[in-house]
Structure formats: C-alpha cells, structure tokens
Amino acid sequence: MTDILIRADGLSVGFPIGGGIFRKDVLKAVNNVSVSIEKGSFFGLVGESGSGKTTLGRALLKAVPITEGHARYSDGEVDLDIASLEGPALKDYRKRAQLIFQDPYAALSPRMTVRDIIAEPLEVMGITRTREETDARVREIAAKCRLNLEHLRRFPHAFSGGQRQRISIARALVSGPQFIVADESVAALDVSIQADVLNLLKQIQSEMGLTFMFISHDLSVVAHTCDHVAVMYLGRLVETAPTRQLFAGPRHPYTRALFSAIPSLDPDDRGKAQKLTGEIPSPTNQPSGCKFHTRCPFAVDQCRAEEPQLEGDGSGHEVSCHRWKELMETVPA
Amino acid sequence: MNTLIDVQNLTLQFRTDEGLVTAVDNVSFTLDKGEVMGLVGESGSGKSVTAKALMHLNASNAVYSPDAKITLFTEDGPVDVLSLRKPAELKVVRGGAVSMIFQEPMASFAPAMTIGKQMIEQLQLHSDMSKAQARNLSVEMLDRVGISDAGKRIDQYAFELSGGMRQRAMIAMALSTKPKLLIADEPTTALDVTIQAQVIDLMKDLVDEFHMGIIFITHDLGVVAQTADRVNVMYLGRLIEEGPVREVIRTPKHPYTQGLIAALPKLEDLDAPLTPVPGDIPSPLERPPGCVFHTRCGQVVGAACSSVAPEELAIDDTHKVACHIYSEAGV
C-alpha cells in the first residue's frame, strides 16, 4: 500500500451568498467530496466550468475555508489537519503545498525581474538566510525549469507564454513543496508549447518525487499526464478511477458524454458524437436526486428522487450512478 | 462565378513604438460560397488580423501593402474592401454581407443594453425594417439557435445568460442580417466541451440552411476536423499550408503542420510520448529571415531555409505548401 499524501473526507466548501438576517443562503461549490491522493502520483481533476474543481483544489491548499468535512495532509514529516490550520502551522503548510496558476500572463508581476519573482517565496517564508543562499537556490530551481542566468535578469514581458509558465513553475517549486496544485496550467498555452510544459511537469514530478493535483477541462491532456482521474459535476465527484481504466471504460453517463464531446481529429467522425443537451445547472438551484439527471439521457424516476453514492468494485474505479451496471451492458460507449 | 471573397497579396504591418511589426506577410486565398474554411494557427500567427482585414476592422496604426487587394463578391457586384473609407460604405463588410462572431461573448455584448436592443439596433442599421419587424426577426433568430423562451430572453442582459447561451445569442445576432460571409473567431474556445459540441452542430446546421461561407478561426485542429471543408495553416503571418481538411490532417506536408498534429495528446494511444514543437514562437519583432519556421524546424534542408522565403507550391490540384523540402526535391 502506498502512502496517502492528501486524504479528504466528506469535504464541502460553501460560500455565503446574501439572504437576510434570519436566512443565510449558501452556495455549495464542493459538496461532500472524499478523495485520497497517493504520494508521488499525478492526480487529475476534470469537469466543466462550475463543477467545483478549482474550489476543491484551493480548499486542499487552504486558500478557501473548508466548511464541512476533513482533509489531512501527511508527508511522513508532519501530519496536518488542513481545515483547522492557522498561525505557524499554516505557514509551514504553505511551504509544503503550492499552486501553479492558469494564466502565465497575469500571474507574474511585470515590475519584478524573474530572479526576484522566483526568490520572493524564499524571502517571504524565511527559508534562506543570506542573499548568496537565495541566489544559489533560485539558480538551482531555474535550471530545473530550463531557465538560464540570462533569463533571470529580465522582466516577464520579454518572455513567451511557455517560458512564463516555466517561471511560474519555478516559483511554485522554490520552497521545496511536496504537493502542487496545477490549475489549468497549460490551458492558456499554444498546442506546440503545451506538450513541452506537460513533459516538464512530468519530469519534475518524477525527479523530485512530488505529488500533483492537475486540474483541467481537457480530457486528452489529463489522459496523457495523470495516473488517476476524478470527474466532478456540480460540486460532486461522479467518477474516479485509474486513468487507463477510466478511458478504457467510462461508467458514468456524464463521463461518457464528456469523452464523446471531444472533437475528433478524424474528419470522417463528424456527427458521431453523442450530444449532451442543456447546460450545467446553477449551483444555487441544484436539481434533486442525481445532480446530472436534468441532462442525462438515461434518467429514470429513481434518479430524480434519490442521490446516488460513489460505489466501487475493489479495483479503485468508483462511480455514482444508479444505473451504471445496466448501462454498461445495454448501451455501448 | 462561385467565389465569395478573394484575398490577394495581403501584407499588413502595424506601426508601433518599436517600429513596423509585420502581422500578415503576403497572404493570398479565396473562399467559395457555402464553403467552410478553417484558419489554423497559434497566437501571433496573424489569423485574427487576417480576418479583421476582411472587414477593414484593424486599428488605425495598421499599414496595408499597396498591392494588397480584398474583393468581396456581393449580389450588387464586387466590392473592393480595402478602398472603403466612409462608415456608410463600410456597412457592407461590417454586419451587412460580412458578420463576425468573437471569442468572448461576454465582452462582445454591451453590458448595459439588453440583448434585444442590440439585435434590433443592428438590424435597423442594415435594413429598412421597422422596430417591430426587427424585434420579431430577432426573437425568431434566437429561437432558431436553440434559446428557449426567446420572447423573454430578448429583454435580458448579457450577464443573465450562461456562456453557451451568450454564444448562441451572438450567433443569432450575426446571422440575423443574413450575411454571405461569417467570420467566426475562436467561437467555441471559451466554452466547455459539451457546449462546444452543441455550438458546432448549430453552426453546421446554419451553414446548410443559409448557404453562407464561413471562415472558422481556431487553434484547435479537432474543431477544424469536425467543421471545415478546407484548412489554411498560418505561422508568424505566413500562409504555410492549405488544402482539403482530410488531406491536411491525414497527410500534412509542412513540418509545422506535422509538428502541430504530433503535439496533440491523442486519446487512442495513451503510451505515445507528447512531442512538442521545439523552441518558442519568435516575437513578431524578430521575424526570422527566410522561412519563418526554420528556427524551430527539425527538417531544415539547406541554407535556403534561413535566407529565402519559400514560395507556395502545389502538391496537387488543391493542396499547397510553402516549404523548401518540396521545392528542392522537385515535387
């Protein structure tokens, strides 16, 4: 059994959205999610906008407050309860868990040199004591991200999207974290550059033994980088499985529809995709029963009344659908 | 004659503080009526600038080359797009015979006007419809693009609609003037895959129904494969390959097109390594001499690549490529 680095149990994140003095409305962006992320793995989180994937990632970094449930981080050195972290323990967790943002154009201060951008976490967190020590650490990390000394003296505007994303990665890595959340980190990049950044992330992960949570809406990118994938819909996990298993036999009708909606590179596949009608409902006005029933072509009365729970088959593949077994037999993927 | 728009020798530069920046370099192509052309390229390739040139919509610091010529064939005869100056003349390429759908539907609707008011305003500008007629047509168009309860939705503001719905409303608005040419600039990029599939289907239905030409600008080759009849591939302002969609995607000739297709993560083969196109896209301020792609090309054939810009060569009747590999091999 491999070690679990992050274990979330019944995790929910709610945001207050108005209401009155006596009534408080809460938007539940993440609802009762349980996940375990193995140490040294590349964990993928997919879903449409509004599915809560970013909020889940941030909750695990304690960048948004966890309103219900638990999340634990244990890397062998420390064992932390993420929801209740504060003071020095929270500062310590910040060194251990880091975030890489989506947009490399917005994430880097235009007024700082690349060296200062990468060095900032070291100085803020008090990791290095002298300037020499800081410089040595910055150079070491920069080299890992294929940035040379010349690059360190320049400002971010002089770099292309791929190079900027490498700077963002270097900044996230400099404090020596164990856990990194990469939120749509290649979505803003051009196709020819995207593969380069993905390869770099994979290489760093295996060299440094890091654990990644890779949040993406792009299933083909997730398929190529992640070991394990979780699919979210309207704040809930609907399916989770080892990558190969998931792509070989998706069980949830939503996962199947997502796969089918990826535009195929074969011009002769036109019109073959099974189409999902409608759009993701608003999280303030959630459907009863299974949250997906409003768009599911296979929904029956049970789906409208009763919310399905994640059920597994012992192979690590879990799905929350009342009818998945029946559908696997009767409806070809 | 079946040609809808004819672009010849389009070179477009922008005057900036750092000097003249070339965005489009000697691009020529034609589009037939009822044809869907995919215009593919990465950021900085000049695809959006090319499309905007068709509507004479580039910023005032744009400099067109003297021999650049864009001809739009309308029912009232050919229009020389680049010679249009007055707003009244420009109407034909700006919402009249040519319409455009933009990438970010939230940014393309005025936030403080209802969807309906904007749709009616443009209809009245381009036709002699009464307000009531324009409203009826707008409701009908919203209904056509699959917006339920169109009579009510028309009085809502853009922020009240979801992303997919906004993009549908954008399409309804662009099509309500019955344009002959629709330019769609990354119309599905900001949408989720499931909604993207719906919008692509909708656009295909509408092409069949209205029989218009579409220029579909995208960086997503999958989207192109599912929509376009022909593909033009651009890199750093040059048109480097063009041909029927099947040929370009199945047997790409230009090393850049080959690299672009190889860089895509494929779902059929999860073991295949991801192969990026090496290097970064050069800044438009430092355009490489010769073939603009030679700095990243793995198949450089000789000194010509870094000194002489390759001419477009015909591989067959419809498939063309601008690359020295084929000129020196004598294909």
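Parameters and conventions
- Residues numbered from 1 in each chain as written.
- Chains lettered and ligands numbered in written order.
- Predicted model: local features only at pLDDT ≥ 70, side-chain atom pairs only at ≥ 80, totals over all residues.
- Heavy atoms only, no water.
- Helix = DSSP H or I, 4+ residues; strand = E, 2+ residues; numbered from the N terminus.
- Rg over C-alpha atoms; globule rule 2.2 N^0.38 Å.
- Buried < 20%, exposed > 50% of the residue type's maximum accessible area, 1.4 Å probe, protein only.
- Contact = heavy atoms within 4.5 Å.
- Lys, Arg positive; Asp, Glu negative; His and termini not counted.
- Charge placed at Lys NZ, Arg CZ, Asp CG, Glu CD.
- Pairing = 2+ DSSP bridges.
- Axes fitted to C-alpha atoms, helices over the stretch in contact; angles between N-to-C directions.
- Phe/Tyr/Trp six-rings, centres within 6.5 Å; stacked < 30°, edge-to-face > 60°.

K.L.:
When you look at the overall build of chain B in this model, what are you seeing that I'm missing?
P.N.:
Of regular secondary structure, chain B possesses 14 helices and 13 strands. For a compact globule of 331 residues, the expected C-alpha radius of gyration is about 20 Å, and chain B comes in at 21 Å, within 12% of that figure. With respect to the three principal axes, the spread of C-alpha positions in chain B is 65 × 50 × 45 Å. Buried residues in chain B amount to 55% of all 331 residues. Taking the contacts inside chain B whose residues are at least 6 apart along the sequence as the reference set, 64% of them involve residues at least 24 apart. Averaging the locations of the 29 positively and 42 negatively charged side chains of chain B gives two centres separated by 6 Å.

K.L.:
Where do I start with the pairing of strand β10 (residues 230-235) of chain B in this structure?
P.N.:
All names here are of chain B. In terms of burial, β10 is a largely internal element, six of the six residues being buried. Bridge count for strand β3 (residues 36-40) against β10 is four bridges, and the pairing is parallel. When the sheet's bridge partners are listed, M37 is paired in β10 with R230. Relative to strand β11 (residues 238-244), β10 runs antiparallel, the two sharing six bridges. Directly across from N232, in β11, lies its bridge partner E242. In this structure, the hairpin formed by β10 and β11 is closed by a connection of two residues, where L236 is found at a positive phi of approximately 45 degrees.

K.L.:
Whenever I open this one, the sheet that holds β11 of chain B confuses me. Can you help?
P.N.:
By way of backbone hydrogen bonds, the strands of a sheet pair with one another, either parallel or antiparallel. Residue and element names in this part refer to chain B. Strand order across the open sheet formed by eight strands is β7-β8-β9-β3-β10-β11-β13-β12, with mixed pairing between neighbours. Each having just a single partner strand, β7 (98-101) and β12 (313-314) make up the two edges of the open sheet. Contacts from helix α8 (residues 163-175) reach β7 and β8 (181-185), with the element oriented near 175 degrees to β7. Packing of helix α9 (residues 193-210) onto the sheet brings it into contact with β3, β8 and β9 (213-218), and relative to β9 it is tilted by some 160 degrees.

K.L.:
What exactly am I supposed to notice about the packing of aromatic side chains here?
P.N.:
Pairs of aromatic rings are described using the distance from one ring centre to the other and the angle between the two planes. The final tally for this structure, using the stated rule, is eleven aromatic pairs over all chains. Between Y233 of chain A and F292 of chain A, the aromatic rings sit 5.1 Å apart at their centres with planes inclined by 85 degrees, giving edge-to-face as the arrangement. A residue pair is termed long-range when its members are at least 10 positions apart, and Y233 of chain A in strand β9 (residues 228-233) and F292 of chain A in the loop between α10 (253-261) and α11 (301-305) qualify at 59 residues. Here Y233 of chain A matches F292 of chain A in class, with each residue buried. Their ring planes at 15 degrees and their centres at 6.2 Å tell us that Y157 of chain B and F159 of chain B sit as a pair that is stacked. The partly exposed category is assigned to Y157 of chain B, whose relative accessible area is 30%. Taken together, the ring pairs connect F42, F212 and F214 of chain A into an aromatic cluster.

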